[in-house]
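Here is what each chain is made of, one letter per residue.
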Amino acid sequence: MSAASSLLSEEQFLCSICLDVFTDPVSTPCGHNFCKTCITQHWDISVQCQCPMCKEVFNRRPLLRVNTLISEMAAHCPDQRCAKPGEVPCDVCTGTKLKALKSCLVCLASYCETHLEPHQRMTGLKRHKLIDPVENLEGRMCKKHDRPLELFCKTDQMCVCQFCTESDHKLHQFVPLKEGYEGQKAELGKTEAEIQQKIQERRLKIQEIKHSVELSKEDADREIADSVRVFTALMQSVERGQAELIETIQEKQKTTEKQAEGFIKELEQEISELMKRTAEVEQLSRTEDHLHLLQSFPSLNTPPHTKDWTEVSVHRSSYEGTVRRAVAQLEETLRKEKKKLSVDVELKRVQQYAVDVTLDPDTAHPELILSDDGKQVNHGDVKKNLPDNPERFSHYVRVLGKQSFSSGRFYYEVQVKGKTKWGLGVARESINRKGKITLSPKNGYWTVWLWDGNEYKAFADPRLLLSVKAKPQKVGVFVDYEEGLVSFYDVDAAALIYSFTGCSFTEKLYPFFCPSTNDGGRNSAPLIISPANHTD
């Protein structure tokens, strides 16, 4: 192979792109050779895939394989051993510096294959310390003793020579460089692991911050949409109030004008009759016929019947207080509208935290009937023979949800249509479920009830009678665990029924349901857990 390569010129082993000896030479379909990296990068930035030598264009990028023959011949080219940038050159070579194979810590020099030969042949040089080629060999020597740095001082955490152990570092703890290297490398491994962990923590923090920004933007967009909707509705109310006010004023003015038109028409009719009589009188007064005048005089001397207009007048419409009353009415309308809209916005916001709730049969009173899907419950007249486990309510017809919540926010809706009595809310895990129970936040219950068909009560401390305008058909229950808030909504009317505030939650919370007794069929309708209707 060496003989074959000697028959070729050195230029034939150079890549025409990098002008250096081939590295992983590959052949194109047209027969030209290039370094694999060179031709790949060339095609990556070229508009067309063509040979840099003959300019032949390839419709598809050719599959390149290493030309083993050229590769083997290039390996024997002298220039292949030339030191490239980043490689350690031979310190003995003159002219073209060849790549060093070893560095000598005694000679403080690096040698190529040819100039290393004496160290492999001569007995004295064989004892020299050879290492893989490195630059700056002077930095591997003790500046004070001009000896190789062969030991690591663990006391001062620095590399020292043998003479240092007997002078400046006497009584210090030393280990060979390899042992020190392995120890420090292990420490570097720990440091790298710590750094990687910090990098990962910061990447996670970036994701967390970005996610927070996304959530904030969603909240901002939703708030903007809600504000536009609210203010649009309020402005429409103002416009309606203004239109009604203008219409009232205009109606008053029309009434005045209509009255005036009636008076004017009546007056004009009387004027017409009087003018007719005046003409008859004037005509009679000019007659020379004595008999005619005397016969006509009695009928013409009496004035025609006319109305007494002395007390008749058109009064200007009074608008005193009209605007003030309209503004007061508008303020009341806006107040009600604002309250309704604010609750509507609030309800839509809490509906974003809707969760899937199902009833837990292990907690249900034996007289309760649960649907197979765990979404409905009503009272039956027969007490089933069920195990009296600790979770089950034994005295009152109540049941809890399967799902528990110990942080964050959650919301669920229950249909109460057709019922005359019910109770809803949340209860903490440690509640008493046996015997008679007083429902109150102090005992772990936050509930609202329909009582005797028309009374709504919040079982607070003390109990509160609630003012509910319309009978809710569907009730929404919202809990903010950290905020200590439990709110109840009339879903269809978008009205707030009641809120427990300032609650202190330290345990798991469970949804609470009480369909109450059947009451002879008057309260037979079930409580139905319904999916929340998310509206934009």
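Now for a look at the structure at hand. In this text, all values refer to a predicted model and were calculated from it rather than measured experimentally. (Residues numbered from 1 in each chain as written. Predicted model: local features only at pLDDT ≥ 70, side-chain atom pairs only at ≥ 80, totals over all residues. Heavy atoms only, no water.)

**A word on the environment of Gly453**
Turning to step 1, where the next piece is worked out: Inspection of the secondary structure assignment puts Gly453 in the loop between β14 (445-451) and β15 (455-458).
Turning to step 2, where the next piece is worked out: On the accessibility criterion, Gly453 (22% relative accessible area) is partly exposed.
Turning to step 3, where the next piece is worked out: C-alpha of Gly453 to C-alpha of Val323: the two residues are 130 residues apart in sequence and 43 Å apart in space.
Turning to step 4, where the next piece is worked out: Setting aside residues no more than four positions away along its own chain, Gly453 makes contact with Thr420 and Lys471. (Helix = DSSP H or I, 4+ residues; strand = E, 2+ residues; numbered from the N terminus. Buried < 20%, exposed > 50% of the residue type's maximum accessible area, 1.4 Å probe, protein only. Contact = heavy atoms within 4.5 Å.)

**Observations concerning the packing of helix α6 (residues 177-285) against helix α7 (residues 290-301)**
Turning to step 1, where the next piece is worked out: Contact pair α6 / α7: the axes reach a minimum separation of 11 Å and the direction vectors enclose 160 degrees. The orientation of α6 relative to α7 falls into the category roughly antiparallel. The crossing of α6 and α7 is left-handed. Across the interface between the two elements, Arg277, Glu280, Val281 and Leu284 from α6 touch His292, Leu293, Ser296, Phe297, Ser299 and Leu300 from α7.
Turning to step 2, where the next piece is worked out: Here the contact of α6 with α7 is built from residues that sort into five nonpolar, three polar and two charged. (Axes fitted to C-alpha atoms, helices over the stretch in contact; angles between N-to-C directions. Parallel < 35°, antiparallel > 145°, perpendicular 65-115°, else oblique. Left-handed = near helix turned anticlockwise from the far one by under 90°. Nonpolar A, V, L, I, M, F, W, Y, C, P; charged D, E, K, R; others polar.)

**Thoughts on the pairing of strand β20 (residues 509-514)**
Turning to step 1, where the next piece is worked out: For β20, the tally of buried residues reaches six of six residues, placing the bulk of the element in the interior.
Turning to step 2, where the next piece is worked out: Pairing between strand β13 (residues 422-428) and β20: six bridges, direction antiparallel. Residue pairing across strands places Gly425 opposite Phe512, the latter belonging to β20. (Pairing = 2+ DSSP bridges.)

**Things to note about the nonpolar core**
Turning to step 1, where the next piece is worked out: Counting 49 residues, the largest nonpolar core has Trp422, Val448, Phe500 and Phe513 as its most contacted members.
Turning to step 2, where the next piece is worked out: Residues within four places of Trp422 in sequence aside, it is in contact with Val416, Val448, Trp449, Leu450, Tyr456, Val475, Cys514, Ser516 and Leu527.
Turning to step 3, where the next piece is worked out: In terms of nonpolar packing, the next biggest core, distinct from the first, is built from 13 residues, Phe34, Ile39, Cys49 and Cys51 among them. (Core = buried A, V, L, I, M, F, W, Y, C linked by side-chain atoms within 4.5 Å.)

**Focus: the sheet that holds strand β9 (residues 368-370)**
Turning to step 1, where the next piece is worked out: Ordered in space as β9-β10-β21-β12-β17-β18-β19, the seven strands form an open sheet in which the pairing is antiparallel. Of all the strands in the sheet, the pair left with one neighbour each is β9 and β19 (495-500). Between one strand axis and the next, the sheet turns through 20 degrees on average, direction left out of account.
Turning to step 2, where the next piece is worked out: Where strand β10 (residues 376-379) meets strand β21 (residues 527-530), two bridges bridge the pair, whose relative direction is antiparallel. Paired with Val377 across the strands is Leu527, a residue of β21.

**What about the sheet that holds strand β3 (residues 102-104)?**
Turning to step 1, where the next piece is worked out: Judged by pairing direction, the sheet is antiparallel, and its three strands sit side by side in the order β4-β3-β5 without closing on themselves. The two strands at the open ends of the sheet, each matched to only one other strand, are β4 (109-111) and β5 (130-131).
Turning to step 2, where the next piece is worked out: Bridge analysis of β3 against β4 gives three bridges, and the strand direction is antiparallel. Residue pairing for β4: Lys102 is matched across the bridge by Tyr111.

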